[in-house]
Amino acid sequence: MADGELVVVRARASARRAGCPVCGTVSSRVHSRYVRRLADSAVGGRPVVIELAVRRFRCRERACPQATFAEQVDGLTFRHGRRSAGLQKVLERLAVMLAGRAGSRLAYTLAVRVSRSTLLRLIRRLPDPQAHTPRVLGIDEFALRKGHNYGTILIDIETHQPVDLLPDRARSTVTQWLVDHPGVEVICRDRSVAYAEAGRLGAPDAIHVADRWHIWRNLVEAVEKTVIQHRVLLREPEQIAPVRTAAPLDAMELELCYPGGPRQSGRLSDRVREQHAAVHALLDEGVGLRPIARRLGLARNTVRRLAHAATADELLVGQWTGRTSILDPYKPYLHQRWAEGSTVARHLFEELRERGYAGGESVVKKYVHRLREAFPHEDPPRRNPSVRDVTSWITRHPDRLDDDQARQLKEILTRCPALDRAAEHVRDFAELMNNRQGRHLDQWIDRVHADDLPALHTFVNGLGQDLDAVVAGLSLRYSSGAVEGHNNKIKMLKRQMFGRANFDLLRKRVLLAARGSS
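A brief report on the enclosed structure follows. Predicted model, so just to flag it, every value in this text is computed and none were measured.

## Some remarks on the packing of aromatic side chains
In step 1: Per the counting criterion, the structure on display carries seven aromatic pairs.
In step 2: Ring centres 6.2 Å apart and planes at 85° place the aromatic pair tryptophan 444 and phenylalanine 459 in the edge-to-face group. Taken together, the residues span a long stretch of sequence, with tryptophan 444 in helix 16 (residues 441-449) and phenylalanine 459 in helix 17 (residues 454-465) at a distance of 15 residues. Here tryptophan 444 and phenylalanine 459 have matching classes, each one buried.
In step 3: Chaining the aromatic ring pairs together yields one cluster made of Trp216, Phe429, Trp444 and Phe459.
In step 4: Taking the ring centre of tyrosine 150 as reference, the NZ or CZ of arginine 169 above it sits at 4.2 Å.

Structure follows, in structure tokens:
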């Protein structure tokens, strides 16, 4: 039945017996009856309530602490529940995916009234997903409070699913987790000393794989330091530029700039000339003005003016012929300043105001625009490449450089032999990494030591401190990409939960959301 905006469904449980939820004894002795009101999924945008008549049974086991118990309907009810089992599952998934506030708003649009605190309680009541020990484990840190508190995320690299979240990044915590979960064969990590030591203590037989992205980033930092040491050679050799004279422009040269002459370029000029040619072509064929207007989609008055004009220039001359402008007394000064290189309309307008000009800035802007079209200045000198530019060019794939960038890089490497040798080492390392040739890393290290490149020497010394993991990272197919992806997802979940992202709630959402989306 419908009660206003509420849909009420009345039903009655018909089971003759039920099992005790504590001891499991089946009983048919009825103790009493009552009506349960269960909220259910909406129908037609209207909330639904099920009024279910159920019975309470007496437990036949005398030693059972549960004297009486209510019967449950499979798929519809559960103990102490005020919602149907279907609606309960929907709200649980809603809470896991959207958390409190956003989930509450979406539930309201689905005609289900539930508070954000209730949704958070539903998350906390959900059981943890069954933990398993991955064969290939990814370890990385994530910020609980950036700059203050950090946790550790553990990822199954083969399935890309989160395994667990740890409340800190201490070596002892990670070591204890590895001890409690034996069977890890490969550990993918960054070059953190704490995680490296925890892996050696908790899983001594596991192979450590240093992440290639972190290795490449460290190499880029070393290249940047090398470029900084030789940044003086990044500038192009100075060339003597011709000195521009400050002679005023000739009046004959400025003829195109006066509004009395027809415009020779621009969107308006081009459109008028095309329309004029089209109208006169149809007139030559004997077509009337009305059919021309319909065919070209123009107004009849426009077609009439185009037809009466012998040339398009008559329509582009405008109505200013013979008139004087408030800017005329100041045009010689504008011509002189333009020849000297001053081309900014705002600056010219301020200079004219100091000399008594009483007109508006728009007049000056229009005239400067005409000067710019008629007498364009030479392009400004090219900016010298920065340290970041050169570092990017050296560490980028050559196919991703345009012709100008490749030419500038070639000139810089010609001027600076040290950067040329550094670029060669970078190319060799990139080939070694892309082709999974970690076994040749020792030879590459020897070649770097043979050159006088202090920053690259520091990078190589850092590789030597974790050489086995680096060689494995450059040889095996495993990487920490899945870990970084889940780290970004944690940031999204934290922002979604605002100030209520406690560790226990965050852990539940990370683990359960991944299981639900797979």
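Having seen the model, we can carry on.
## Comments concerning the pairing of strand 8 (residues 136-145)
The two faces of a sheet get side chains in turn, since along a regular strand they alternate between them.
In step 1: As judged from the three bridges shared by strand 8 and strand 11 (residues 186-189), these two strands associate in the parallel manner. Residue glycine 138 lies in a different strand from strand 11, and its bridge partner there is cysteine 188.
In step 2: Pairing between strand 8 and strand 9 (residues 149-156): eight bridges, direction antiparallel. Pairing of leucine 137 across the sheet is with aspartate 156, part of strand 9.

## Some words on the packing of helix 7 (residues 289-296) against helix 8 (residues 300-308)
In step 1: At their nearest, the axes of helix 7 and helix 8 sit 9 Å apart, and the two run at 115° to each other. Relative to helix 8, the element helix 7 is oriented roughly perpendicular. Helix 8 is crossed by helix 7, and the crossing has right-handed handedness. On helix 8, the residues touching Leu289, Arg290, Ile292 and Ala293 of helix 7 are Arg300, Val303 and Ala307.
In step 2: Looking at the contact of helix 7 with helix 8, its residues break down into five nonpolar, no polar and two charged.

## Description of helix 14 (residues 403-415)
In step 1: Its 13 residues give helix 14 an end-to-end C-alpha distance of 19 Å, which sits within 8% of 18 Å, the value for a rise of 1.5 Å per residue.
In step 2: Along helix 14, the positions that sit buried rather than exposed are Gln405, Gln408, Leu409, Ile412 and Leu413. Across the axial projection of helix 14, the buried residues extend over an arc of 135°, all falling on one side. Exposed residues lying more than 90 degrees from the buried face of helix 14 are Asp403, Lys410 and Thr414.
In step 3: Buried positions along helix 14 lie against helix 13 (387-395) and helix 15 (417-434).
In step 4: For helix 14, the N-terminal capping position is held by aspartate 402, with its side-chain oxygen 3.3 Å away from the main-chain nitrogen of aspartate 404.

## A short note on the pairing of strand 10 (residues 161-166)
In step 1: In terms of residue burial, strand 10 counts as a mostly covered element, since six of its six residues are buried.
In step 2: One ladder, built from five bridges, connects strand 9 with strand 10; its direction is antiparallel. The residue of strand 10 that forms the bridge with threonine 152 is leucine 166.

## Considering the pattern of salt bridges
In step 1: Tallying each qualifying case throughout the model produces 20 salt bridges.
In step 2: Among the ionic pairs, arginine 189 bridges to aspartate 466, the shortest N-O distance being 3.0 Å. Here arginine 189 is found in strand 11, whereas its partner aspartate 466 is found in the loop between helix 17 and helix 18 (467-473), with 277 residues between them in sequence. Here the two residues arginine 189 and aspartate 466 agree in accessibility, since each one is buried.
In step 3: Linked by salt bridges that have partners in common, Asp128, Asp164, Arg507 and Lys508 make up one network.

## Points about the environment of asparagine 487
In step 1: Mapped onto the fold, asparagine 487 is located in helix 19 (residues 481-497).
In step 2: Each C-alpha atom of the pair asparagine 487 and threonine 152 lies 9.7 Å from the other, and the pair is 335 residues apart in sequence.

## Some thoughts on the sheet that holds strand 11
In step 1: Within the open sheet, the five strands sit side by side as 10-9-8-11-12. Their pairing is mixed. Edge positions in the sheet fall to strand 10 and strand 12 (207-210), since each of these pairs with one other strand and no more. Sheet twist, expressed as the average angle between the axes of neighbouring strands with direction ignored, equals 30°.

Criteria and cut-off values
- Residues numbered from 1 in each chain as written.
- Predicted model: local features only at pLDDT ≥ 70, side-chain atom pairs only at ≥ 80, totals over all residues.
- Heavy atoms only, no water.
- Phe/Tyr/Trp six-rings, centres within 6.5 Å; stacked < 30°, edge-to-face > 60°.
- Helix = DSSP H or I, 4+ residues; strand = E, 2+ residues; numbered from the N terminus.
- Buried < 20%, exposed > 50% of the residue type's maximum accessible area, 1.4 Å probe, protein only.
- Lys NZ or Arg CZ within 6 Å of the ring centre and 35° of its normal.
- Pairing = 2+ DSSP bridges.
- Axes fitted to C-alpha atoms, helices over the stretch in contact; angles between N-to-C directions.
- Parallel < 35°, antiparallel > 145°, perpendicular 65-115°, else oblique.
- Left-handed = near helix turned anticlockwise from the far one by under 90°.
- Contact = heavy atoms within 4.5 Å.
- Nonpolar A, V, L, I, M, F, W, Y, C, P; charged D, E, K, R; others polar.
- Expected span 1.5 Å × (residues − 1).
- Arc of directions from axis to C-beta.
- Polar contact = N/O pair within 3.5 Å; in protein donor to acceptor, adjacent residues only side chain to side chain.
- Salt bridge = Lys/Arg side-chain N within 4 Å of Asp/Glu carboxyl O.

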